[in-house]
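If you want the building blocks of each chain, they are given just below.
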Amino acid sequence: MGAFMPFILLMMIVMVHELGHFLCAVFLKVPVNKICIYPFGGVSKTQAKINIPLKYEFLILIMGPLVQIIFMFLIKNYLPLQYQNMFLVYNFNILIFNLLPIYPLDGGKLINIIFSYFFSYKNSFLYSLILSLLFVFFLFFIFLLHMKLNIFLLLCLLVFKIYTEYQKRCFYQEKFLLERYLNNDNFQKRCKVKNVEEFRRDYYHTVKGSRRYYTEKEALEKKFKSKSI
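Note that this is a predicted model, so its numbers are computed, not measured.

Criteria and thresholds
- Residues numbered from 1 in each chain as written.
- Predicted model: local features only at pLDDT ≥ 70, side-chain atom pairs only at ≥ 80, totals over all residues.
- Heavy atoms only, no water.
- Phe/Tyr/Trp six-rings, centres within 6.5 Å; stacked < 30°, edge-to-face > 60°.
- Helix = DSSP H or I, 4+ residues; strand = E, 2+ residues; numbered from the N terminus.
- Buried < 20%, exposed > 50% of the residue type's maximum accessible area, 1.4 Å probe, protein only.
- Pairing = 2+ DSSP bridges.
- Axes fitted to C-alpha atoms, helices over the stretch in contact; angles between N-to-C directions.
- Patch = residues over 30% accessible without salt bridge, like charges linked within 9 Å, V, L, I, M, F, W, Y side chains within 5 Å.
- Areas by Shrake-Rupley, 256 points an atom, 1.4 Å probe, with all protein chains shown as cover.
- Salt bridge = Lys/Arg side-chain N within 4 Å of Asp/Glu carboxyl O.
- Parallel < 35°, antiparallel > 145°, perpendicular 65-115°, else oblique.
- Left-handed = near helix turned anticlockwise from the far one by under 90°.
- Contact = heavy atoms within 4.5 Å.
- Nonpolar A, V, L, I, M, F, W, Y, C, P; charged D, E, K, R; others polar.
- Core = buried A, V, L, I, M, F, W, Y, C linked by side-chain atoms within 4.5 Å.

A word on the packing of aromatic side chains
Evaluation of the coordinates by the stated rule reveals 12 aromatic pairs. With a centroid separation of 6.3 Å and an interplanar angle of 90°, the aromatic rings of F115 and Y127 are classed as edge-to-face. On the criterion of sequence distance, the pair formed by F115 in helix α4 (residues 106–116) and Y127 in helix α5 (residues 121–142) is long-range, its members being 12 residues apart. On the basis of relative accessible area, Y127 is assigned to the partly exposed category, the value being 32%.

Have a look at this one:
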């Protein structure tokens, strides 16, 4: 009960952050399933396809921190004086933590978007997880001499989350390809690849076979009908 006001401030910051993601998703007509608020933060669960344009995903991602910053400057002077500094500290800490390059934090998702401009969907996701794990180990090393229980538990939770996402990587890859097979998305950029495992987001592909080139639709049809190309 003594921590009631800090709890209210934390929940208010988290809800405003998630509201930024939500409003941007609604504006871009990306279905939002629900917003979940947890003791350690929040998450907006959308029903978006993996193959939505990268610029849409970037806008939805960045609007959370942006709305949080705007809210901080708008509301700080209207709080009781004794809580203003607490509010700014909480806001700053949540903002910095959420932008760490650790998946599935916003910073980790931003890294994944950047990687997607240079690598296949499969590799960009894998590289994001590897970078996330390395950064968590770096934080373990930084806090080694002054490790507190809450920091230790939080870092362990992040390692567990990275591991669970790694286990789902094949499922995400299949979903990514199946979406492209079932939907007629119109991608302007073109590239040639050796197999469907090299497919990238925001690109339409031509696949080099043993005797001829296959269209993306033909390659995916061969994959899902015969499990090989």
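Looking at the sheet that holds strand β5 (residues 213–215)
Spatial strand order, β3-β4-β5: three strands in an open sheet with mixed pairing. The strands lining the two open edges of the sheet, one partner per strand, are β3 (189–193) and β5. Sheet twist, expressed as the average angle between the axes of neighbouring strands with direction ignored, equals 30°. As paired strands, strand β4 (residues 203–208) and β5 are joined by three bridges and run antiparallel to one another.

Comments concerning a nonpolar patch on the surface
A contiguous nonpolar patch, built from I114, Y117, F118, F119, Y127, I130 and L134 and spanning about 680 Å² of accessible area, is present on the exposed surface. At three residues, the largest contribution of residues to the nonpolar patch is made by α5. Turning to its location among the elements, F118 is positioned in the loop between α4 and α5.

What about the packing of α5 against helix α7 (residues 169–182)?
Orientation of α5 relative to α7, taken along the N-to-C sense of each, is 150°, at an axis distance of 10 Å. Classified by the angle their axes make, α5 and α7 are roughly antiparallel. The handedness of the crossing between α5 and α7 is right-handed. Where α5 abuts α7, its residues Y121, K122 and F125 lie against R169, Y172, Q173 and F176. Of the residues contributing to the contact of α5 with α7, the split by class is four nonpolar, one polar and two charged.

Examining α4
Taken as a whole, α4 has its buried residues at D106, G107, G108, N112, I113 and S116. Looking at the buried residues of α4, the elements they touch are α1 (4–27), α2 (54–75), α3 (81–98) and α5.

Points about the nonpolar core
Among the nonpolar cores identified, the biggest contains 27 residues, and I102, V136, L177 and F199 are the most heavily contacted of them. Of all the secondary structure elements, the ones that give two or more residues to this core are α5, α6 (149–167), α7, β3, β4 and α8 (216–226). For this core, the element with the most residues is α5, which contributes six residues. The contact partners of I102, leaving out residues within four places of it in the chain, are G107, G108, S132, F135, V136, L139, L158 and I162. One finds L9, V16, L79 and F87 within the second-largest nonpolar core, a separate group that totals seven residues.

Quick notes on the environment of E221
Within the secondary structure, E221 is located in helix α8. Residue classification places E221 among the partly exposed residues on the basis of a relative accessible area of 32%. Each C-alpha atom of the pair E221 and E198 lies 16 Å from the other, and the pair is 23 residues apart in sequence.

Section: the packing of α2 against α3
Running from amino to carboxyl end, α2 crosses α3 at an angle of 170°, the nearest separation of the two axes being 11 Å. It follows from the interaxial angle that α2 and α3 lie roughly antiparallel. Taking contact as the criterion, the partners of P65, Q68, I69, F71, M72 and I75 in α2 are, on α3, F87, L88, N91, I94 and L95. For the contact of α2 with α3, the class distribution of residues is nine nonpolar, two polar and no charged.

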